[in-house]
Amino acid sequence: MRSSFFSRKCFAGLIAGVVLTISAMQAMAESTYVTKGSKAASLTSCVAETDDIRRNHMDYMKHGRDDSVRDGDRSGKFSLSECIGCHSATSASGEYAPVDSDGQFCQRCHAYVAVSLACFQCHRTTPEKRD
Amino acid sequence: MSKKCDQPSMNRRHFIGGAIATAGAVTVAPGVMLHALAGNEQANTGASSEKRWGMVVDTNKCADGCSACVNACNDEHNLTGFDRPETDAQWIRTVKLKDKQSGHINRMVMMCQHCEFPPCVDVCPTNASFKRADGIVLVDRHSCIGCRYCMMACPYKARSFVHEALQDQSVSAPRGKGCVESCTLCVHRVDAGQTTTACQDACQKEGHSAIVFGDLNDPNSEISQVLKSNNSTQIRADLELNTGVRYLNL
């Protein structure tokens, strides 16, 4: 009797665990990392599958940088200035927030994973307003 | 595919591939050319060694007291200074040369000469300083460690070092602290298919038209025509660097 009670309890725990995990995964899948007030927030997906970009954006940008700087081939699908153009949030006053400032798109994840952002020592952090 | 190398194609693989393709075309269908194997199509993307970008500066037309090209370059690439002329970035500068005997003064602009054999590329320990297939000499800031060997090697004093942290750079000219930089021949314009540089536009707008930019490899381009019909000079021609920037009436 005791053993069957124990296994039933165990099973219930397992079910609860699975349900919790699934709901957590759903929450993660639904959660959005785009910054409110950015152009990206109004779009359904990034230039590629969002999961793909999350995992591989650094590789895509590295290939793109060598092609464009060294070979002058700027036809690549991925470009850092497009990332910034889309992901930079605008405040109510219409000013762009730099993507590497606290709580903004790039910095938020990079601070979490403790990866320093070297891009913006040279690259512009807001979309360019050219007259 | 555009040509990425300025050497003649002696690629073994191409030769063997071509030989097999020819043999295949002959055996499979004599007299019929297989289009897929031709492989000569040129994509429009990227720098190609079929071009060599260069510039001609007519020193007679370069007007005294004018700095329109310098200002245009600064605006185009957002070269903001710190009011420290000794160290502020300078991609193009005006120079006066006075012949002590006759008193004749030559005015001209000096910038990266985009050498065919650039000393800055020779000395760079990280391959950051490089020459594109189309002859434009650039610094890849991703690998520049700021050692400044290239600045010492350049006979034209064409390069600047960024000493201080920068903000609000131009999207088309990313630049930052700790890297060396110089004239890019407006590479962002070239890659976008434009045929003028910022300095050339400004000079033309001022009514001087002292600067002509174009493809040295194209015999019909304006720059080739100007060079063909005028006596031009390379500065420090004795170094045999085959500069891409030439001067008239110097």
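Look above for the structure.
Right, let's walk through the structure included here. Just so you know, these numbers come straight off a predicted model, no measurement behind them. (Residues numbered from 1 in each chain as written. Chains lettered and ligands numbered in written order. Predicted model: local features only at pLDDT ≥ 70, side-chain atom pairs only at ≥ 80, totals over all residues.)

With 14 residues of chain A in contact, the opposing surface of chain B contributes 21 residues. Looking at side-chain class alone, the side of chain A that touches chain B contains two nonpolar, five polar and seven charged residues. (Contact = placed C-beta atoms within 7 Å. Nonpolar A, V, L, I, M, F, W, Y, C, P; charged D, E, K, R; others polar.)

So, on to unusual backbone geometry. All names here are of chain B. Positive phi, close to 50°, is recorded for Arg236, a residue that is not glycine. Along the polypeptide, Arg236 turns up in the loop between β9 (232–233) and β10 (245–248). One non-glycine residue, Glu240, lies in positive phi territory at about 55°. Along the chain, the position of Glu240 falls in the loop between β9 and β10. (Helix = DSSP H or I, 4+ residues; strand = E, 2+ residues; numbered from the N terminus.)

Inspection of the secondary structure puts Pro174 of chain B in the loop between β6 (160–161) and β7 (180–181). Along the sequence, Pro174 of chain B and Val137 of chain B sit 37 residues apart, while their C-alpha atoms lie 16 Å from each other. The contact partners of Pro174 of chain B, leaving out residues within four places of it in the chain, are Cys122, His123 and Arg124 of chain A together with Arg141 and Gln169 of chain B.

Below, the discussion takes up the nonpolar core. Buried together is how nonpolar side chains tend to be arranged in soluble globular proteins. Judged by nonpolar contacts, the single largest core of 49 residues is most densely connected at Val57, Cys69, Cys73, Ile92, Met111, Cys199 and Ile211 of chain B. Looking at this core, the elements that each hand over two or more residues are β1 (53–58), α2 (68–76), β3 (105–111), β5 (137–139), α5 (187–191), α6 (198–205), β8 (211–215) and β10 of chain B. The residues touching Cys69 of chain B, leaving out its near neighbours within four places in the chain, are Ile92, Val109, Cys199, Ala202, Cys203 and Ile211 of chain B. In this structure, Phe105, Cys106, Cys119 and Phe120 of chain A belong to the second largest nonpolar core, which totals eight residues. (Core = buried A, V, L, I, M, F, W, Y, C linked by C-beta atoms within 7 Å. Buried ≥ 20, exposed ≤ 12 C-beta atoms within 10 Å, placed from the backbone.)

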